[in-house]
Amino acid sequence: MYYRAPKNLLSEINELEKNIQAFNDGDLHPVQFRGIRVPFGVYEQRKDDSYMVRIRCTGGAITVPQLRKVGELAQRFGRPYSHITTRQELQLHDVELGSITSIMKELYSVGLSTRGGGGSTIRNIISSFDSGTSDSDVFDVFPYVVALTNRLIAEADSWTLPRKLKFSFSSDANDSANALIQDLGFIAAIDEKGEKGEKGEKGEKGFKVYVAGGMGRRARPGKVIHEFLPVHEMFAVTHALKNLFHKYGNRKNKHANRLRFLWEDLGEELFKKYYFEEFNSYQASDDEQLLEDALNKTYKHAQPSETASLATKVDSADFRKWQREYVLEQKQKGLFSAKIPVKLGDFYNEDIQVICDAIEGSGDDIIRFTMDQNIVIRNLNLDGLFKLYQAVQTRGIIASTPQLFGNIISCTGADTCKLGICLPKGLLPHIQERVINDGIDSSVLHKLKINISGCSNGCGQHQAADIGFSGRVKRREGVTIPAYNIFLGANINATETEFAQEVSWVHSKDVPEFTSRFLAEYLASGKEDFIDFLAAGGIEKARSIAEELQERIPLFEVDKNYYFDWGAKEIFSTAKLGQGECSAGLFDMIDVDRKTVIQTTAQLQSDLEDKELSKAIYELILSSARMLLVTRGIDTSTDEKVFNAFKQHFIDAGIVEKKFLALIDVAKIYANDIATSYKYDSIQLGDRLLQLYDSMDNTFNFKIEKKTTPVEDELVEDSAEEKPAVTEAKIDSTNPVKSKDYRGVGCPMNFVKTKIDLAGMKAGDRLEILLDDGAPIDNVPRSVLAEGHKIISQDKVENYWKVLIEKS
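Residues numbered from 1 in each chain as written. Predicted model: local features only at pLDDT ≥ 70, side-chain atom pairs only at ≥ 80, totals over all residues. Heavy atoms only, no water.

Caption draft 1: A look at the overall build of the protein chain. A count of helical and extended segments in the protein chain gives 23 helices and 26 strands. The dimensions of the protein chain, computed from C-alpha atoms along their principal axes, are 90 × 75 × 50 Å. For the protein chain, the proportion of its 808 residues judged to be buried stands at 58%. Split by element, the accessible area of the protein chain, about 34,300 Å² in all, is 47% carbon and sulfur. (Helix = DSSP H or I, 4+ residues; strand = E, 2+ residues; numbered from the N terminus. Buried < 20%, exposed > 50% of the residue type's maximum accessible area, 1.4 Å probe, protein only. Areas by Shrake-Rupley, 256 points an atom, 1.4 Å probe, with all protein chains shown as cover.)

Caption draft 2: Main features of the pattern of salt bridges. If you walk through the whole model with that rule in mind, you get 41 salt bridges. With its nearest N and O atoms 3.0 Å apart, the salt bridge here joins Lys-69 to Glu-106. Of this pair, Lys-69 sits in helix α3 (residues 64-77) while Glu-106 sits in helix α4 (residues 100-109), placing them 37 residues apart in sequence. In this structure, Glu-477 engages Arg-476 in a salt bridge whose closest nitrogen and oxygen atoms are separated by 3.6 Å. On the accessibility criterion, Glu-477 (64% relative accessible area) is exposed. (Salt bridge = Lys/Arg side-chain N within 4 Å of Asp/Glu carboxyl O.)

Caption draft 3: Structural context of unusual backbone geometry. Phi is positive for Gln-88, close to 60 degrees, though the residue is something other than glycine. Secondary-structure assignment places Gln-88 in the loop between β3 (81-84) and β4 (90-95). Here Asp-94, not a glycine, exhibits a phi torsion of approximately 60 degrees, which is positive. Here Asp-94 shows up in strand β4.

Caption draft 4: Focus on helix α15 (residues 511-525). With 15 residues, α15 extends 21 Å between its outermost C-alpha atoms, agreeing within 8% with the 21 Å of an ideal straight helix rising 1.5 Å per residue. Three or more residues of α15 are buried, namely Val-511, Pro-512, Glu-513, Phe-514, Thr-515, Ser-516, Phe-518, Leu-519 and Tyr-522. Positive phi appears at Gly-526, one or two residues downstream of α15, with a value of about 80 degrees. (Expected span 1.5 Å × (residues − 1).)

Caption draft 5: Region of the structure containing the sheet that holds strand β10 (residues 327-329). What the 4 strands build is an open sheet, ordered β10-β11-β14-β13; its pairing is antiparallel. Since the sheet does not close on itself, it has two edges, and those belong to β10 and β13 (367-369), each with one partner. Across the sheet, the mean angle from the axis of one strand to that of its neighbour is 20 degrees, orientation sign disregarded. By the bridge criterion, 3 bridges tie β13 to strand β14 (residues 375-380) in an arrangement that is antiparallel. Looking at β14, one finds that Arg-368 is bridged to Val-376. In this fold helix α10 (residues 317-326) packs onto β10 and β11 (336-340), with an angle of close to 70 degrees to the strand it touches most, β10. (Pairing = 2+ DSSP bridges. Axes fitted to C-alpha atoms, helices over the stretch in contact; angles between N-to-C directions. Contact = heavy atoms within 4.5 Å.)

Caption draft 6: Seen up close, the side chain of Thr-85. Residue position: Thr-85 is located in the loop between β3 and β4. Of the residues examined, Thr-85 reaches a relative accessible area of 8% and is grouped as buried. A polar contact is formed between the side chain of Thr-85 and the backbone nitrogen of Arg-87, at a distance of 3.1 Å. Setting aside chain neighbours within four positions, we find Thr-85 in contact with Gln-91, Thr-370 and Gln-373. (Polar contact = N/O pair within 3.5 Å; in protein donor to acceptor, adjacent residues only side chain to side chain.)

Caption draft 7: Structural view of the sheet that holds strand β9 (residues 223-230). Spatial strand order, β5-β6-β7-β8-β9: 5 strands in an open sheet with mixed pairing. The sheet is open, and its two edges are formed by β5 (126-127) and β9, each paired on a single side. Pairing of strand β7 (residues 184-191) with strand β8 (residues 204-211) involves 8 bridges; the strand directions are antiparallel. Note that in β8 the partner of Ala-188 across the bridge is Phe-207.

Caption draft 8: How the structure looks around the packing of aromatic side chains. Evaluation of the coordinates by the stated rule reveals 32 aromatic pairs. On the numbers, 4.4 Å between centres and 15 degrees between planes, the contact of Phe-169 with Phe-186 is stacked. Placement of Phe-169 in strand β6 (residues 167-170) and of Phe-186 in strand β7 is noted, with a sequence separation of 17 residues between them. Taken as a pair, Phe-169 and Phe-186 share a single burial class, namely buried. Judged by centre distance (5.9 Å) and plane angle (45 degrees), the ring pair of Phe-530 and Phe-533 falls under tilted. (Phe/Tyr/Trp six-rings, centres within 6.5 Å; stacked < 30°, edge-to-face > 60°.)

Caption draft 9: Quick peek at the packing of α3 against helix α11 (residues 349-359). α11 packs onto α3 with a crossing angle of 160 degrees between their chain directions and a minimal axis gap of 9 Å. Classified by the angle between their axes, α3 and α11 sit roughly antiparallel to one another. Of the two elements, α3 crosses α11, and the hand of that crossing is left-handed. For the pair α3 and α11, the contacting residues are Val-64, Leu-67, Arg-68, Gly-71, Glu-72 and Gln-75 in the first and Asn-349, Glu-350, Ile-352, Gln-353, Cys-356, Asp-357 and Ile-359 in the second. By residue class, the composition of the contact of α3 with α11 is 5 nonpolar, 4 polar and 4 charged. (Parallel < 35°, antiparallel > 145°, perpendicular 65-115°, else oblique. Left-handed = near helix turned anticlockwise from the far one by under 90°. Nonpolar A, V, L, I, M, F, W, Y, C, P; charged D, E, K, R; others polar.)

Caption draft 10: A look at the environment of Asp-593. Here Asp-593 shows up in helix α17 (residues 588-604). Separated by 27 residues in the primary sequence, Asp-593 and Leu-620 place their C-alpha atoms 9.0 Å from one another. Apart from residues no more than four positions distant in its own chain, Asp-593 is found in contact with Ser-623, Arg-626 and Met-627. A polar contact is formed between the side chain of Asp-593 and the side chain of Arg-626, at a distance of 2.8 Å.

Caption draft 11: Representation of the nonpolar core. Within the largest apolar cluster, 58 residues are counted, with the highest numbers of intra-cluster contacts made by Trp-322 and Leu-388. The leading source of residues in this core is helix α12 (residues 382-395), at 6 residues. (Core = buried A, V, L, I, M, F, W, Y, C linked by side-chain atoms within 4.5 Å.)

Caption draft 12: Quick peek at the pairing of strand β24 (residues 766-772). Of all 7 residues in β24, 6 are buried; the element is thus mostly enclosed. Here strand β23 (residues 737-741) pairs with β24 via 5 bridges, running parallel. By the bridge assignment for β24, Lys-740 is matched with Ile-769. Note that β24 and strand β26 (residues 800-806) share 7 bridges and pair antiparallel. Following the sheet pairing, Ile-769 is matched in β26 by Val-803.

Caption draft 13: Focus on the confidence of the model for the protein chain. This prediction gives the protein chain a mean pLDDT of 87; 90% of its residues lie at or above 70. Considering only residues more than four positions removed or in separate chains, one finds that residues 705-733, a stretch of pLDDT under 50, has 52 contacts. (pLDDT = per-residue confidence, 0-100.)

Caption draft 14: A look at the state of the cysteines. Considering all chains together, one arrives at 0 disulfides under this definition. Between Cys-411, a free cysteine, and Cys-459, which holds the nearest cysteine sulfur, the sulfur-to-sulfur gap is 5.9 Å. Free cysteine: Cys-422, not disulfide-bonded; nearest cysteine sulfur from Cys-455 at 9.3 Å. (Disulfide = S-S within 2.5 Å.)

Caption draft 15: Structural detail: the packing of helix α7 (residues 259-266) against helix α8 (residues 268-280). One can describe the packing of α7 onto α8 by two numbers: an axis separation of 6 Å at closest approach and a directional angle of 115 degrees. As judged from the angle between their axes, α7 and α8 are roughly perpendicular. On α8, the residues touching Leu-259, Leu-262, Trp-263 and Leu-266 of α7 are Glu-268, Leu-270, Phe-271, Lys-272 and Tyr-274. In terms of residue class, the contact of α7 with α8 is built from 7 nonpolar, no polar and 2 charged.

Caption draft 16: Expanded view of the pairing of β7. Most of β7 is tucked away, with 7 of its 8 residues classed as buried. Direction of pairing for β6 relative to β7: parallel, over a ladder of 4 bridges. Looking at the pairing, Phe-167 lines up with Leu-184 of β7.

Okay, structure coming up:
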């Protein structure tokens with residue numbers, strides 16, 4: 001096992017099981033359920049009632065027993081393969097909802113977790129697949145990936161971010177793990193002037209650190225935030241970045257809330273100011289122990305062969321060809337790594353079991369998934385290498401596939417993804433067939449990157465390729481056709497980073513011909529470097545070929561085949577495009593209620609029978625009251641709790657006028673039988689909440705022109721579940737202190753609740769809050785200080801903290 005699953009994971013899986021039942025029973029809103037399941041790595045697919053489950057594999061590492069288990073689960077519960085992703089993890093496809101928690105429990109039994117596989121969370125941390133075995137290593141970064149993973153997946157605020165965060169570690173200066181195009185990237189470095197390493201041969205280990213990079217829409221390369229960071233300070237970096245994102249990330253607009261957008265919104269100076277405030281205030285807790293555990297973890301390895309010569313093992317032309325194409329000698333003399341190209345990243349269970357049989361007993365640290373959706377088996381001696389060769393030959397896994405095609409990256413596209421436009425998985429075999437049939441010598445192109453995305457979101461990393469394609473919709477005489485934008489010339493490395501530029505587009509059916517003809521032009525140019533070829537007229541060649549192919553697209557009446565995508569059984573259409581779930585969260589419920597308020601208000605303008613009118617009035621009051629409760633950290637499950645929480649956090653807090661108190665009370669008592677005379681009052685309430693929504697900034701603060709006088713908390717009727725207990729903890733006879741218990745409330749909601757408490761108090765009043773150890777005590781007091789209030793005392797009591805605050 002490479003990482004430790006969160007201690008409370010089993011209880012969370014059991015809670016998810018209850019939510020699945022509530023959803024099936026119709027007691028849980030689909031949007032609210034989506035916000036619960038997606039952070040568990042569970043996505044709905046295009047096919048009704050089918051789901052994808054994503055499994056965390058830190059740095060692409062997995063053990064033989066773990067891989068066997070994943071293959072078996074795929075066979076039993078979904079499609080018979082496990083899909084390798086560009087973030088070095090695994091996905092199961094076509095899983096039924098009722099099987100999800102069973103899968104999760106079996107994964108947990110072998111030390112695997114799906115937590116953080118989706119949603120606004122810390123995603124799987126990737127790293128150089130050959131870290132620790134390559135001559136180009138500055139040092140092995142994998143132990144640091146493991147240590148950081150163990151820290152982050154144990155912290156509650158890793159699951160409630162404004163949007164996802166993606167991290168990467170590169171073990172070499174060439175940035176083999178694409179650290180420059182992540183939210184946070186670490187590139188191994190040595191400070192020769194620093195303290196000597198363990199063996200005294202090098203200086204201090206550290207990282208060059210980049211932030212706010214990313215692909216997809218508005219792609220940006222990362223910016224340097226630390227020229228050199230000692231390895232033990234990486235925890236302070238992630239702590240600072242999470243806090244910065246929590247405080248200033250745009251929660252209101254999910255289309256503008258990636259970290260790179262925050263950099264642009266704040267500007268470099270302010271971004272760095274806020275970042276270093278968080279970084280400099282960081283207090284280490286168990287950093288040393290986490291690092292020590294990861295660095296000292298030992299793995300059983302095969303004994304190195306006495307000779308590194310493969311020819312001494314077998315005299316076979318096929319074996320030597322496999323050696324040239326897929327085998328690398330490691331820096332550890334007598335050990336080897338072998339690449340297994342997995343077509344489209346789909347690793348079938350039969351192949352998984354054969355490979356596991358071949359490598360079992362060769363050691364512990366032997367499997368890595370790569371970012372090009374393949375597998376590397378490492379730390380093999382000659383005996384292990386030959387055994388693996390026999391296995392792949394027996395199964396025909398590799399056959400004669402040139403490495404150019406084995407390295408092509410492709411997302412699943414419209415085959416399963418709701419946002420997918422085209423079918424890249426159906427396209428790839430035709431690219432390979434056309435290139436081979438045209439006599440293109442692909443063996444000399446094994447370093448060329450061809451990446452395909454089914455839409456513009458970049459899951460296939462088309463912007464990081466030499467030749468990239470991203471799916472799009474075009475029209476021919478008003479009829480939709482599947483097409484791809486063409487991107488050329490990415491240059492991703494630690495010295496200069498340029499994304500591939502969009503140069504033209506081509507019909508899906510013509511991508512194979514375009515690729516073959518363009519590769520022929522490249523080989524004929526005599527240019528060894530692809531970038532040099534593009535600069536010497538290659539881009540113009542691409543445009544010329546694409547324009548010629550565009551002119552040849554037939555009308556629908558002439559050739560209907562052009563109006564089907566590769567592998568499709570239906571004419572191409574965007575009718576089944578759905579809503580993406582990557583940013584799914586409880587905050588999506590705001591949009592659901594907001595639309596209900598608008599639609600119900602319009603409905604009330606028409607003539608309705610009294611029964612329908614009463615029902616619509618109640619629906620409007622309920623949706624209005626519930627709409628913004630999530631901004632105060634409240635997830636309510638019954639109508640009564642909605643109304644109680646709305647009274648406490650909006651009316652009594654002075655955000656919404658007291659005149660609506662009577663309306664809320666009437667709705668609580670009469671529900672769908674509410675008198676029709678409350679029609680205009682309900683419309684006014686809905687309008688008021690829509691105004692609040694419009695005035696809300698990206699961090700859920702409201703611009704309130706006039707506040708009512710807050711009502712004391714003791715006067716509000718509410719359940720203990722919705723409202724923390726209120727006591728009078730008298731510090732002295734002249735200054736009574738209100739006390740709130742926020743143990744069990746995660747970041748940033750514990751601060752949001754504290755902020756609301758303070759908003760209803762007078763200057764000089766004191767508030768005592770109870771906080772959990774760890775992230776809550778690290779984050780909340782500093783956030784309170786940033787608001788200008790005073791921290792009078794901060795004392796630890798057993799396993800929690802008492803913090804006394806004085807309002808400014």
